[in-house]
Amino acid sequence: MAAPRQVERPLSPHLQIYRFTITMAMSIIHRITGIGLYAGTALLAWWLIALATGPDAYAFFLTVAGSWIGKLVLFGFTWALANHLLSGLRYFWWDAGLAFEKKTADIVSWSAAIGGVVLTIVIWAAAISLRGAM
Amino acid sequence: MSKKDMRTPLAKILHLGSARSGTEDHVVQRATALAIAPLSVFAVVSIVALVGADYETAHAYVANPVVSILLIALIGAFVLHMRIGVKITIEDYVHTEGLKHFALLANSFFSYGIGLACIYAALKIGFGS
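Nothing here was measured: the structure is a model prediction, and the numbers come from that model. (Residues numbered from 1 in each chain as written. Chains lettered and ligands numbered in written order. Predicted model: local features only at pLDDT ≥ 70, side-chain atom pairs only at ≥ 80, totals over all residues. Heavy atoms only, no water.)

Engineer: Pulling in residues and values, what's your account of the pattern of salt bridges?
Structural biologist: Residue and element names in this part refer to chain B. Using the criterion set out here, one finds 5 salt bridges over all chains in the structure. For Asp25, the salt bridge goes to Lys87, with nearest N and O atoms at 2.6 Å. With Asp25 in helix 2 (residues 24-50) and Lys87 in helix 4 (residues 65-93), the pair connects residues that are 62 residues apart, well separated along the chain. When its relative accessible area of 22% is taken as the criterion, Asp25 is described as partly exposed. Through salt bridges with shared partners, one network takes in Asp25, Lys87 and Glu91. (Salt bridge = Lys/Arg side-chain N within 4 Å of Asp/Glu carboxyl O. Helix = DSSP H or I, 4+ residues; strand = E, 2+ residues; numbered from the N terminus. Buried < 20%, exposed > 50% of the residue type's maximum accessible area, 1.4 Å probe, protein only.)

Structure follows, in structure tokens:
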């Protein structure tokens, strides 16, 4: 019985071999923000359960949400939602067989990336201006 | 009449090939996304409007039947959407059989658990005095 011969087989290229493209970055970010939002649903559940439980539980929720770390998490959640939403709209376009041109796909992806940041700032500006300084 | 079967004999006895249900996750993912897009805008606008509001105001707002129904619809679509999203991520990256099945099960428990908790709370707010 001869030992199996070790052959140096070529491996498929990994991430570092590819040039950066916005479509690639947005694809990765889409998945990461999706997982972030998945974990963030626990916050939505906490908000609703606190509201269903009573004033004390709700006050505790507001204290945590209003702390600097709470605001940071909520800000991240807002951006993840805005980015995932706009980024996700691209898939409807692509499902319809549209916007596959390299240049078009890049423009659409950059728009989603920038739009996500703009939308996040707009939402927070609206929240702050509606209720004064938080 | 019969369509030409492109599968090899080995693939046939291994039951490989289309089970006519391969696109279900994809279709549900897009359908729920279509529902979530406008509903999440509504939820964000609502939450922004409730920033700084006291308990009674927030409770009365969510207790409004239209708000309750829209929130429950959002949560339902959200749960289905996020369960599939994480399911396909696990299927992409976790290749150890046992661990994969454990992760898929944990994913379903978390997703449906969150959904159940949110819907129960929303109903309690809506039906409560």
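Engineer: So what's going on with the packing of helix 4 of chain B against helix 5 (residues 97-127) of chain B? Residues and values would help.
Structural biologist: Residues and elements named next belong to chain B. Packing of helix 4 against helix 5 leaves a shortest axis separation of 10 Å and a crossing angle of 175 degrees. Put simply, helix 4 runs roughly antiparallel to helix 5. A class-by-class count of the residues in the contact of helix 4 with helix 5 yields 15 nonpolar, 6 polar and 4 charged. (Axes fitted to C-alpha atoms, helices over the stretch in contact; angles between N-to-C directions. Parallel < 35°, antiparallel > 145°, perpendicular 65-115°, else oblique. Nonpolar A, V, L, I, M, F, W, Y, C, P; charged D, E, K, R; others polar.)

Engineer: Now, about the packing of aromatic side chains: what can you tell me, with residues and values included?
Structural biologist: For the coordinates displayed, the defined rule picks out 8 aromatic pairs over all chains. Ring pairing ties together the aromatic residues Trp46(A), Tyr58(A), Phe60(A), Phe61(A) and Tyr55(B), which thus form one cluster. (Phe/Tyr/Trp six-rings, centres within 6.5 Å; stacked < 30°, edge-to-face > 60°.)

Engineer: Mind laying out helix 3 (residues 68-95) of chain A, listing which residues take part and the relevant values?
Structural biologist: All names here are of chain A. With 28 residues, helix 3 extends 41 Å from end C-alpha to end C-alpha; this agrees with the ideal 40 Å at 1.5 Å per step. Along helix 3, the residues that are buried comprise Gly70, Thr78, Ala80, Leu81, Ala82, Asn83, His84, Ser87, Gly88, Arg90 and Trp94. Count one or two residues on from helix 3 and you reach Gly97, which has phi positive near 80 degrees. (Expected span 1.5 Å × (residues − 1).)

Engineer: Tell me what's going on with the side chain of Ser109(A), and back it up with residues and numbers.
Structural biologist: Residue and element names in this part refer to chain A. Its place among the elements puts Ser109 in helix 4 (residues 102-131). Within the local environment of Ser109, its side chain forms a polar contact with the backbone oxygen of Ala105, the two atoms lying 2.8 Å apart. Not counting residues up to four positions away in its chain, the partners in contact with Ser109 are Ile22, Thr23, Met26, Arg90 and Trp94. (Polar contact = N/O pair within 3.5 Å; in protein donor to acceptor, adjacent residues only side chain to side chain. Contact = heavy atoms within 4.5 Å.)

Engineer: Outline the nonpolar core, listing residues and values.
Structural biologist: Among the nonpolar cores identified, the biggest contains 35 residues, and Trp47(A), Leu48(A), Leu51(A), Tyr58(A) and Val62(B) are the most heavily contacted of them. Of all the secondary-structure elements, those providing two or more residues to this core are helix 1 (22-53) and helix 2 (55-66) of chain A together with helix 2, helix 3 (55-63), helix 4 and helix 5 of chain B. In terms of residue count, helix 4 of chain B provides more of this core than any other element does, 10 residues in total. Those residues in contact with Leu48(A) that lie beyond four places of it in its chain are Val62(B), Leu71(B), Ile75(B), Cys118(B), Ala121(B) and Ile125(B). (Core = buried A, V, L, I, M, F, W, Y, C linked by side-chain atoms within 4.5 Å.)

Engineer: Residue-level account of a nonpolar patch on the surface, with values.
Structural biologist: A cluster of nonpolar side chains, Phe20(A), Trp110(A), Ile114(A), Val118(A) and Val122(A), forms an exposed patch at the surface whose accessible area comes to about 510 Å². Of note, Phe20(A) is situated in the segment before helix 1. (Patch = residues over 30% accessible without salt bridge, like charges linked within 9 Å, V, L, I, M, F, W, Y side chains within 5 Å. Areas by Shrake-Rupley, 256 points an atom, 1.4 Å probe, with all protein chains shown as cover.)

Engineer: So what's going on with the side chain of Thr78(A)? Residues and values would help.
Structural biologist: Considering the arrangement of structural elements, one finds Thr78(A) in helix 3. Among all residues touching Thr78(A), those that are not within four sequence positions of it are Thr120(A), Ile123(A) and Trp124(A).

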